[in-house]
Amino acid sequence: DAGVIQSPRHEVTEMGQEVTLRCKPISGHNSLFWYRQTMMRGLELLIYFNNNVPIDDSGMPEDRFSAKMPNASFSTLKIQPSEPRDSAVYFCASDGGGGSTDTQYFGPGTRLTVL
Amino acid sequence: GESVGLHLPTLSVQEGDNSIINCAYSNSASDYFIWYKQESGKGPQFIIDIRSNMDKRQGQRVTVLLNKTVKHLSLQIAATQPGDSAVYFCAENSHTDKLIFGTGTRLQVFP
């Protein structure tokens, strides 16, 4: 089993540029989660999808952030325009969508640096 | 200027000793708990979970204890090895799809 796949693993960009992070969840998983991890704030949930539908986006910091899940095997998190304070590690996780007792499995993360 | 980050408590243990990592959770309605291990440069990795109808669950070299009375969770690692060095997070779930993560504890294993 390949696990959750994220790309790119590292991204360095300049302030103002658009950044797109990609995630492929574990096959058969119905829920997908985007997290951000920083030294200042720890691990924060940004948004999650169930059956490709966004359920809770209350963690999305502002309108510069958007996420899509066009099908069950692919999701993107986009930042436009990017700012230096967006620098963080972004994780994608998935679970079986069975509710509160499902285990989330995390991808390796994308380390984003905005100069 | 300096940035102020989260203060991660650190547990330092000698190789071969047992480790106990503690976590206080916030919601008495939480019914599912998970321990994750995060090594440097990697994503959180599932270690063990426990449901609220249990007090104890054992895995390979790891044991999770749940005390619902005081909302406390602990992870015990037997015969700690250098490869156990990482940041350990507890997470709780209360009848939703969302996990609430703790701030983490750094485990350092020295020879």
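Just so you know, these numbers come straight off a predicted model, no measurement behind them. Numbering of residues starts from 1 in every chain and runs along the sequence as written. Following the order in which they are written, the chains are lettered starting with A and the ligands numbered starting with 1. Owing to the predicted nature of the model, reporting of local features is limited to residues with pLDDT of at least 70; listing and counting of side-chain atom pairs is limited to 80 or more, with chain, interface and lining totals taken over all residues. Only hydrogens and water are set aside; all other atoms, that is, all heavy atoms of the structure, feed into the side-chain values.

## With respect to the overall build of chain A
- Helix numbers and strand numbers start at the N terminus; a helix is a DSSP run of H or I with at least 4 residues, a strand a run of E with at least 2. Tallying secondary structure elements over chain A gives zero helices and 11 strands in all.
- Listing every helix and strand of chain A by position from the N terminus yields β-β-β-β-β-β-β-β-β-β-β.
- Only C-alpha atoms enter the radius of gyration; for comparison, a globular chain is expected to reach 2.2 Å times N to the power 0.38, where N is the number of residues. Over its C-alpha trace chain A gives a radius of gyration of 13 Å, about what one expects of a compact globule, namely 13 Å for 115 residues.
- Considering only C-alpha atoms, chain A reaches an extent of 40 × 30 × 25 Å along its principal axes.
- Buried means the residue's accessible area, taken with a 1.4 Å probe over protein chains only, is under 20% of the maximum for its type, while exposed means over 50%, and partly exposed covers the values in between. The buried share among the 115 residues of chain A stands at 50%.
- In chain A, of all internal contacts separated by at least 6 residues, the share reaching a separation of at least 24 is 54%. In what follows, residue pairs with any heavy atoms lying within 4.5 Å of each other are defined as contacts.

## Here we look at the sheet that holds strand β5 (residues 56–58) of chain B
Residues and elements named next belong to chain B.
- Two strands form a pair only when DSSP identifies at least two bridges running between them. Across the sheet, four strands lie side by side as β2-β7-β6-β5; this open sheet has antiparallel pairing. Each end of this open sheet is capped by a strand with a single partner; those strands are β2 (19–24) and β5. Strand-to-strand twist in this sheet, taken as the mean axis angle between neighbours without regard to direction, amounts to 15°.
- Inspection of the sheet shows β2 paired to strand β7 (residues 72–77) by six bridges, in the antiparallel sense. Paired with S19 across the strands is I77, a residue of β7. Note on definitions: angles span 0 to 180 degrees between N-to-C directions of axes, and those axes are lines fitted to C-alpha atoms, for helices only across the stretch in contact.

## Section: the interface of chain B and chain A
- Tallying the contact residues gives 24 residues for chain B and 25 residues for chain A.
- Two parts placed together each lose some accessible area under a 1.4 Å probe, and adding up what both lose gives the buried area. With both sides pooled, the region where chain B packs onto chain A buries about 1900 Å², and carbon together with sulfur makes up 55% of that total.
- We count a salt bridge whenever a side-chain nitrogen from Lys or Arg sits within 4 Å of a carboxyl oxygen from Asp or Glu. Linking chain B with chain A are one salt bridge.
- In this structure, K98(B) and D56(A) form a salt bridge, with 2.7 Å as the shortest nitrogen-oxygen distance.
- Polar contacts, as counted here, are pairs of nitrogen or oxygen atoms within 3.5 Å of one another; within protein the pair requires one atom able to donate a hydrogen and one able to accept it, and residues that are adjacent in sequence qualify only if both atoms are side-chain atoms. On inspection of chain B and its partner chain A, the count reaches four residue pairs in polar contact (both at pLDDT 80 or more).

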